[in-house]
Amino acid sequence: MAGRGCVDIETFRRQAHEMVDWMAEYLASVERYPVRAQVVPGEIAARLPASPPDSPEPMERIFADFQADILPGVTHWQHPSFFAYFPANASPPSVLAEMLTATLGVNCMLWQTSPAGTELETRMMDWLRQMIGLPEGFHGVIQDTASGASLCALLTARERATGWRANADGLGALGGDGTRLAAYVSEEAHSSIEKDAMIAGYGQDGLRKIPAGDDFAMRLDALEQAIADDLAAGITPACVVATLGSTGVGGIDPLAPIAELCRRYGIFLHVDAAWAGSALILPEHRDMIAGVEHADSFVFNPHKWLFTNFDCSAHFVRDPEALTRTLSVTPLYLQSRETGKVIDYRDWGVPLGRRFRALKLWFVIRSYGVENLKSMIANHIAWTAELSEQIAAAPDFEVMAPPVLGLVNFRHHPAGMDDEAALDALNQRLLERLNDSGRLYLTQNRVKGRYAIRFSIGQTSATLEHIQRAWGVIREEADGLER
Ligand code: PLP
């Protein structure tokens, strides 16, 4: 009993085999579960003891309780009929790597605390750089999330714009001497940028939400005007965040002219391609990164659409020194013999501790090969285009924004029903019915003020048949709705 936290290793081996069998069975038959958990708030908590057990419990009982009490409260993100949010697609090789990662239990904060963790991360990020067509000169780090990567970018931009004084003196000390900062983002951008701007000291007041045009892309003229207004008011334009693939409708900001503007005004440029970035492995979708060679920072999430389970966010920077100068604090206990001679990734992000996330990228990329990854994503994009055509051709439905990659927004619009408030309410009811059915899972959106249903395709096990079946369910539920 001694040594292994009361679990002897033979027992662990047997339990692990049983759970792997369960995992394989789960992945093979995930379709038997409702996609969105069908529980009400508090239902799962009510099944859990209020206090922890004093004595050990057998794993058989814990595992049985997992199945009986936890699983009903799980929304099945790996279900092929999960079309909500953006995908967080996992895959068997990714899961296998995670098992090894958990077994090793290493913390990749310094090179020395796991040299393989650091060196594999550097190599995987360069593989990804090549896969998505980023030019040489970008250096990568795995962050927990795109939110975290964008925070690092906004912090670096802040430091650069203040001559590296904000960290040292504090933002309060800078006020009033021309160092009030502004950041710029499309009104279609993800809310994480606003949160990051709050944390990084720009304030909501310092974040300019630039209007988007009819194509849902940031308007260049409005961006330039906002920069000029700030300069005239003595405010320093510090950072532009360009979005490639906005969350609602997949809007793609015009990167090349934005980069040009940033260069002209000396503004830090960060690119948020959290979801759409995975599509860059297909050269035919690389138009959107024209001009990226002038960006300072770029993020995309393999944990969204590159078959690598959460969390794994690929963050590339052109000047790693600017990033580490912003984020590095080195007490004696974090120094090592190699300090300064190797990469210590703790200096490249906010958390000190870091999981061994590169391993799952290594497993996924090698196990599929780039060609298969490309064809899986190309399929998702082709199926989305096909679905959009069907929606557009259906008399009682309309596409609300042109499909982008794996995303389309639509609504039910019965003939003769033109009251916008009534249409909003009708589609809201339709969405609730669909999600309550457990047969598929979709999310809501507003497109130019109108309620829309978002259909996002990108699950690892999704096939054209699942998408067609979902479209059938949508029409069926729409027919059954009371007007
Ligand atoms: N940026 C965009 C465009 C997104 O769509 C999302 C999430 O959907 C995020 C950022 C936030 O991603 P994360 O959960 O990795 O912080």
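Structure: see above.
Residues numbered from 1 in each chain as written. Predicted model: local features only at pLDDT ≥ 70, side-chain atom pairs only at ≥ 80, totals over all residues. Heavy atoms only, no water.

Asker: Help me get a handle on the packing of aromatic side chains, residues and values and all.
Answerer: Inspection of every chain in the model, using the stated rule, returns 17 aromatic pairs. Note on W22 and Y26: the rings are 5.3 Å apart at their centroids and 15° apart in plane angle, and the pair reads as stacked. You can see W22 and its partner Y26 sitting in helix α1 (residues 9-29), 4 residues apart, about one turn around the helix. An identical accessibility class is assigned to W22 and Y26; each is buried. These aromatic residues form a ring-pair network of at least three members: W22, Y26, Y33, F63 and F66. Positioned over the ring face of W362 is R366, at 4.7 Å from the centre of the ring. (Phe/Tyr/Trp six-rings, centres within 6.5 Å; stacked < 30°, edge-to-face > 60°. Helix = DSSP H or I, 4+ residues; strand = E, 2+ residues; numbered from the N terminus. Buried < 20%, exposed > 50% of the residue type's maximum accessible area, 1.4 Å probe, protein only. Lys NZ or Arg CZ within 6 Å of the ring centre and 35° of its normal.)

Asker: Outline the nonpolar core, supporting the account with residue identities and numerical values.
Answerer: Ranked by size, the top nonpolar core spans 65 residues in total, and within it L128, F298 and F316 carry the most contacts. Sorting elements by how many residues they give to this core places helix α13 (residues 358-393) first, with 10 residues. The residues touching L128, leaving out its near neighbours within four places in the chain, are F300, P302, L306, A314, F316, L361 and I365. Counting residues in hydrophobic clusters, the runner-up holds 27 residues, among them L431, Y451, F455 and W471. (Core = buried A, V, L, I, M, F, W, Y, C linked by side-chain atoms within 4.5 Å. Contact = heavy atoms within 4.5 Å.)

Asker: Tell me about the site of the ligand, and please be specific about residues and values.
Answerer: Around the ligand there are 13 residues in total, and A146, S147, T247, D272 and N301 lie nearest to it. Taking A146, its main chain carries an N or O atom lying 2.8 Å from an oxygen atom of the ligand. With respect to the ligand, the side chain of H303 contributes an N or O atom lying 3.2 Å from an oxygen atom. For the ligand, the accessible surface in isolation is 400 Å², of which the surrounding protein chains cover 88%. Contributing elements (two or more residues each) for the shell around the ligand: α5 (146-161) and α11 (302-305). Residues belonging to the shell around the ligand are distributed by class as follows: 3 nonpolar, 8 polar and 2 charged. (Near = heavy atom within 4 Å. Polar contact = N/O pair within 3.5 Å; in protein donor to acceptor, adjacent residues only side chain to side chain. Areas by Shrake-Rupley, 256 points an atom, 1.4 Å probe, with all protein chains shown as cover. Nonpolar A, V, L, I, M, F, W, Y, C, P; charged D, E, K, R; others polar.)

Asker: An account of the sheet that holds strand β2 (residues 181-186) is needed here, citing residue identities and associated values.
Answerer: Spatially, 7 strands are ordered β1-β7-β6-β5-β4-β2-β3 in an open sheet, and the strand pairing comes out mixed. Among the strands making up the open sheet, the edge pair consists of β1 (139-143) and β3 (207-210). Geometrically, the sheet is characterised by an average inter-axis angle of 20° between neighbouring strands, direction not taken into account. Direction of pairing for strand β4 (residues 236-243) relative to strand β5 (residues 268-272): parallel, over a ladder of 5 bridges. Its bridge partner being in β5, C239 is matched across the sheet by F268. Sitting on the sheet, helix α10 (residues 255-265) is in contact with β4 and β5, with an inclination near 155° to β5. (Pairing = 2+ DSSP bridges. Axes fitted to C-alpha atoms, helices over the stretch in contact; angles between N-to-C directions.)

Asker: Go over the pairing of strand β7 (residues 313-317) with me, naming the residues and quoting the values.
Answerer: The buried count for β7 comes to 5 of 5 residues, which makes it a mostly enclosed element. With 5 bridges joining them, β1 and β7 adopt antiparallel strand pairing. For V141, the partnering residue across the bridge sits in β7 and is H315. Across 4 bridges, the pairing between strand β6 (residues 297-300) and β7 is antiparallel.

Asker: Outline the packing of α5 against helix α12 (residues 320-327), supporting the account with residue identities and numerical values.
Answerer: At a minimum axis separation of 9 Å, α5 and α12 run at an interaxial angle of 90°. With respect to each other, α5 and α12 are oriented roughly perpendicular. Facing α5, whose interface residues are C152, L155, T156 and E159, α12 presents A322, L323, T326 and L327. Its residues assigned to classes, the contact of α5 with α12 comprises 5 nonpolar, 2 polar and 1 charged. (Parallel < 35°, antiparallel > 145°, perpendicular 65-115°, else oblique.)

Asker: Hey, could you go over the pattern of salt bridges for me, with residue numbers and the actual values?
Answerer: According to the stated counting rule, one finds 34 salt bridges in the structure shown. In this structure, the salt-bridge partner of D436 is R36, at a minimum N-O distance of 3.0 Å. Of this pair, D436 sits in helix α14 (residues 420-437) while R36 sits in the loop between α1 and α2 (59-70), and the two are 400 residues apart along the sequence. Take D436: its relative accessible area is 45%, and that puts it in the partly exposed class. Take R36: its relative accessible area is 21%, and that puts it in the partly exposed class. Between R318 and D296 there is a salt bridge whose closest N-O contact spans 3.5 Å. Note that R318 is positioned in the loop between β7 and α12 and D296 in the loop between β5 and β6, a separation of 22 residues in sequence. When salt bridges with common partners are traced through the structure, they connect E98, D311, R355, R357 and K360 into a single cluster. (Salt bridge = Lys/Arg side-chain N within 4 Å of Asp/Glu carboxyl O.)

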